[in-house]
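Each chain is listed here by its residues.
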Amino acid sequence: MLSAPWIRVFYCPSRLKKEDTRIGFSVTKKVGKAHDRNRLKRLLKEAFRQSPYKHLGLDALFVVSPNLLKKIEDQQTAERYLRESFNKLLVALEKDNAL
């Protein structure tokens, strides 16, 4: 497990023995209404799609902190913090996977 301020990731080597990384997202109802949760998942999916870390050969579950939208009032700021945390985790995943 790796953690950043607004997101955590649980991961393991892929059981499919492929080099593509499979991802999943968990955003609880505590984060906000359905349209807020879906927007956050869409942002994370797009960030992953554009990242160079798609071929690490991992199964990863990203869990968004329920405090994200509660502690940060501005939606755009919350989304920026989430993207920054997500990118930090992707870099950490690559480093950890290389060991």
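In this text the structure is predicted, and so the values were computed from the model without any measurement.

Okay, the overall build of the protein next. Tallying secondary structure elements over the protein gives three helices and four strands in all. Reading the helices (α) and strands (β) of the protein from amino to carboxyl end gives β-β-β-α-β-α-α. Radius of gyration (C-alpha) of the protein: 13 Å, near the 13 Å computed for a compact globule of 99 residues. Along the first, second and third principal axes, the C-alpha set of the protein runs to 40 × 25 × 20 Å. Per-residue burial over the protein gives 40% buried out of 99 residues. Look at the contacts in the protein between residues 6 or more apart in sequence, and 82% of them connect residues 24 or more apart. Carbon and sulfur atoms form 50% of the exposed surface of the protein, whose accessible area is close to 6300 Å². Across the protein, the 21 positively charged side chains and the 11 negatively charged ones have centroids separated by 6 Å.

All right, on to helix α1 (residues 34-50) then. Along an α-helix, residues three or four apart share an orientation, since each turn contains 3.6 residues. In this model, α1 (17 residues) spans 24 Å end to end at C-alpha, consistent with the 24 Å of a helix rising 1.5 Å per residue. When α1 is considered as a whole, its buried residues turn out to be Asp36, Arg37, Leu40, Leu43, Leu44, Ala47 and Phe48. Relative to the axis of α1, the buried residues are bounded by an arc of 130° and lie together on one face. For α1, exposure combined with an orientation more than 90 degrees from the buried face picks out His35, Arg42 and Gln50.

So, on to the pairing of strand β4 (residues 58-64). Counting buried positions over the seven residues of β4 gives six, a clear majority of the element. Sheet topology note: the strand β2 (residues 7-13)/β4 ladder contains seven bridges and is antiparallel. For Val9, the partnering residue across the bridge sits in β4 and is Phe62. Of the strand pairs in this sheet, strand β3 (residues 22-26) and β4 are connected by five bridges, and their pairing is parallel. Counterpart to Arg22 in the pairing with β4 is Asp59. With α1 bridging β3 and its parallel neighbour β4, the resulting β-α-β unit is left-handed.

Calculation rules
Residues numbered from 1 in each chain as written. Predicted model: local features only at pLDDT ≥ 70, side-chain atom pairs only at ≥ 80, totals over all residues. Heavy atoms only, no water. Helix = DSSP H or I, 4+ residues; strand = E, 2+ residues; numbered from the N terminus. Rg over C-alpha atoms; globule rule 2.2 N^0.38 Å. Buried < 20%, exposed > 50% of the residue type's maximum accessible area, 1.4 Å probe, protein only. Contact = heavy atoms within 4.5 Å. Areas by Shrake-Rupley, 256 points an atom, 1.4 Å probe, with all protein chains shown as cover. Lys, Arg positive; Asp, Glu negative; His and termini not counted. Charge placed at Lys NZ, Arg CZ, Asp CG, Glu CD. Expected span 1.5 Å × (residues − 1). Arc of directions from axis to C-beta. Pairing = 2+ DSSP bridges. Right-handed = clockwise from strand over helix to strand, strands pointing away.

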